[in-house]
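# Structural features, examined
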Amino acid sequence: MTVLDAPRGALVTLAGASFGYDGAVVLDEINLSIAADDFIGVVGPSGSGKTSLLRLLLGTSTPQRGTVTRQPGLAVAYVPQLETVNWNFPVTVFECVLMARTTRTWPWPTKAERHEIHQILDRLGIGQLASRHIRELSGGQQQRMFIARALLRRPKLLLMDEPTTGVDVNSRHDVLHLLGELNAEGVAILLTTHDLNGVAAHLPRLVALHGAIIASGTPQEVMSPAVLELTYGAPMEVLEHLGIPFVLDRFEEAGHLSRTSGRASGRASA
Ligand SMILES: Nc1ncnc2c1ncn2[C@@H]1O[C@H](COP(=O)(O)OP(=O)(O)OP(=O)(O)O)[C@@H](O)[C@H]1O
């Protein structure tokens, strides 16, 4: 096995990191390094270890073998899967965001904190919802509230577990656009997703995970039939449109798209 040396300037590096629960190995010899300007999507089937990988990067789990190297003082924020959240917790959007700041002032924010939170909520397009109970938000609004919470920590690295699950296509686009802006402003982002076409294909770098890293690279490199079959354990057909890969759910014909599957290549006839 080749163990990765932490590259200079890397925010977090996993080197030969293995991790499991109750003796069962879930992640095997993971080599992964996150740079300050990275925007990475982690894809893989249910149970492939995506959330466990986030826990290692976040530091809430420790590998049984291998190492995690973190830049000293690194500010990391985590956005959990929406379904893991207790939405009956009796707080407003503003209070929920404020709770991300563990200052002595809780529950009495300073004027500056109030201003900062309202600015963040406005930026995320949910400023008008500040005094609403969190249970009364749509999926897309809930997601933005959690991004607001994360941003209040002023992270250098943002880890997100399936940030677009349960949100409609417009909200998904808005969330991805916002994340792209944050990344351009200097926040490294690593997210997990099950949405290969709507999310993964549009990110600059992907990691395919199935207990181990199957492949890492551009969407074109990772969303190949060979890598996807190894990752998901089933053959998948991949088309390409304007340079963006597109995975077919079923083996359908799509005449205007060019095929890149292992079974055929070149432009498909209409
Ligand atoms: N706290 C835990 N205790 C025991 N086993 C766990 C625990 N958390 C996860 N696992 C197991 O570890 C494996 C990987 O889980 P993980 O949540 O990392 O996968 P995932 O890729 O994020 O899945 P999903 O896409 O369904 O969220 C699964 O088999 C899961 O059952």
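What counts, and at which threshold
- Residues numbered from 1 in each chain as written.
- Predicted model: local features only at pLDDT ≥ 70, side-chain atom pairs only at ≥ 80, totals over all residues.
- Helix = DSSP H or I, 4+ residues; strand = E, 2+ residues; numbered from the N terminus.
- Buried ≥ 20, exposed ≤ 12 C-beta atoms within 10 Å, placed from the backbone.
- Near = placed C-beta within 6 Å.
- Nonpolar A, V, L, I, M, F, W, Y, C, P; charged D, E, K, R; others polar.
- Contact = placed C-beta atoms within 7 Å.
- Pairing = 2+ DSSP bridges.
- Axes fitted to C-alpha atoms, helices over the stretch in contact; angles between N-to-C directions.

The next thing to look at is the overall build of the chain. Helices and strands together make up the secondary structure of the chain, namely seven helices and 13 strands. Of all 270 residues assigned to the chain, the portion counted as buried reaches 36%.

Turning to the site of the ligand, a few remarks are in order. In the neighbourhood of the ligand, the contacting residues comprise Y21, D22, V26, G44, S46, G47, S48, G49, K50, T51 and S52. Considering every element that reaches the shell around the ligand, the biggest residue donor is helix 1 (residues 50–58), with three residues. Looking at side-chain class alone, the shell around the ligand contains two nonpolar, seven polar and two charged residues.

The backbone of E162 sits at a positive phi, close to 50°, despite the residue not being glycine. Among the structural elements, E162 can be located in the loop between strand 6 (157–161) and helix 5 (169–184). Despite not being glycine, L242 has its phi angle at roughly 50°, a positive value. Within the secondary structure layout, L242 lies in the loop between strand 10 (237–241) and strand 11 (244–248). Given 6 C-beta atoms within a 10 Å radius, L242 is considered exposed.

Here D168 is to be found in the loop between strand 6 and helix 5. Here the alpha-carbon distance between D168 and S138, two residues 30 residues apart in the chain, equals 9.7 Å.

Among the secondary structure elements, D38 is positioned in the loop between strand 2 (24–34) and strand 3 (39–43). According to the C-beta neighbour criterion, D38 is partly exposed, with 19 such atoms within 10 Å. It is 6.2 Å that separates the C-alpha atoms of D38 and I189, two residues lying 151 residues apart in sequence. In this structure D38 touches A188 and R205, once residues within four positions along its chain are discounted.

Let us look at the sheet that holds strand 5 (residues 76–79). One open sheet holds the six strands; their spatial order is 5-6-7-3-8-9, and the pairing between them is mixed. This sheet does not close on itself; its edge strands, each paired only once, are strand 5 and strand 9 (213–217). Across the sheet, the axes of successive neighbouring strands diverge by a mean angle of 15°, strand direction being ignored. Contacting strand 5 and strand 6, helix 4 (residues 139–152) crosses the sheet at an angle of about 165° to strand 5.

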